[in-house]
Amino acid sequence: HVLDSQLAVGDEMAIKPGKSSLTYRGRAPVTNMVMFCAGLGVVPMLNQVREVLASRGSSVTSVTLVWVNEKTGEFDMSYPELEREFYKYTKKLEVSCCLSPDLYSDNLAQNEHVIASLPDYAEGTMAVVAGPDYFVKKATQLLVNRGYDGDSVCQLPE
């Protein structure tokens, strides 16, 4: 709401991390990461991309980031930073921006762009979901329904 009504182009905004932390209970090593986010959930994902792909000691060889929003203008906020990371890691980072007209009520499993963007589960995959609580619940369920090991899906609600 703040982004749509109170900020103008060029304004800056600071985001304070929430109370939630990342808890991973899956098997190690993690070789693939799937980051599935909506809205401001892209902010912690960008930080994770920078940390995981820049580290020489990381076991992660590929990251897929799927960012879902209701309107195309909502991608403007972090798209330039995401694009910079993509061009830095073109062989390791795959990015998809998908529209879902009403994230609260839409069935993500019926969104062909979301489904096409999410890779199938493979051993060594860690999935991280971030965004509003209602999105996190639906996105987690979608991943589990698609065969992701529940212990390998981490949630970062806003």
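Residues numbered from 1 in each chain as written. Predicted model: local features only at pLDDT ≥ 70, side-chain atom pairs only at ≥ 80, totals over all residues. Heavy atoms only, no water.

Draft legend 1. Fine view of the nonpolar core. Judged by nonpolar contacts, the single largest core of 23 residues is most densely connected at Met33, Val63 and Leu65. Counting residues per element, the ones that place at least two in this core are β1 (32-38), α2 (42-54), β2 (62-69), β4 (125-131) and β5 (153-157). With six residues, α2 is the single largest residue contributor to this core. In this structure methionine 33 touches Val52, Val60, Ser62, Val63, Thr64, Met126 and Val128, once residues within four positions along its chain are discounted. The next biggest cluster of nonpolar side chains, apart from the first, holds 19 residues, and it includes Val68, Leu108, Ala139 and Val153. (Core = buried A, V, L, I, M, F, W, Y, C linked by side-chain atoms within 4.5 Å. Buried < 20%, exposed > 50% of the residue type's maximum accessible area, 1.4 Å probe, protein only. Helix = DSSP H or I, 4+ residues; strand = E, 2+ residues; numbered from the N terminus. Contact = heavy atoms within 4.5 Å.)

Draft legend 2. Structural view of the environment of leucine 99. With respect to the helices and strands, the residue leucine 99 is situated in strand β3 (residues 93-99). The exposure class of leucine 99 is partly exposed, given its relative accessible area of 39%. Sequence separation between leucine 99 and threonine 72 is 27 residues; the distance between their C-alpha atoms is 7.1 Å. Leaving out residues up to four positions away in the same chain, leucine 99 has contacts with Asn69, Glu70, Lys71, Thr72, Phe75 and Asn111.

Draft legend 3. Region of interest: the packing of aromatic side chains. As enumerated under the stated definition, the model contains five aromatic pairs in all. An angle of 70 degrees between the planes, with centres 5.0 Å apart, marks the rings of tyrosine 104 and tyrosine 134 as edge-to-face. In this pair, tyrosine 104 is assigned in the loop between β3 and α4 (112-117) and tyrosine 134 in helix α5 (residues 133-145), connecting sequence segments 30 residues apart. On the basis of relative accessibility, which here comes to 59%, the residue tyrosine 104 falls in the exposed class. For tyrosine 134, a relative accessible area of 31% corresponds to the partly exposed category. (Phe/Tyr/Trp six-rings, centres within 6.5 Å; stacked < 30°, edge-to-face > 60°.)

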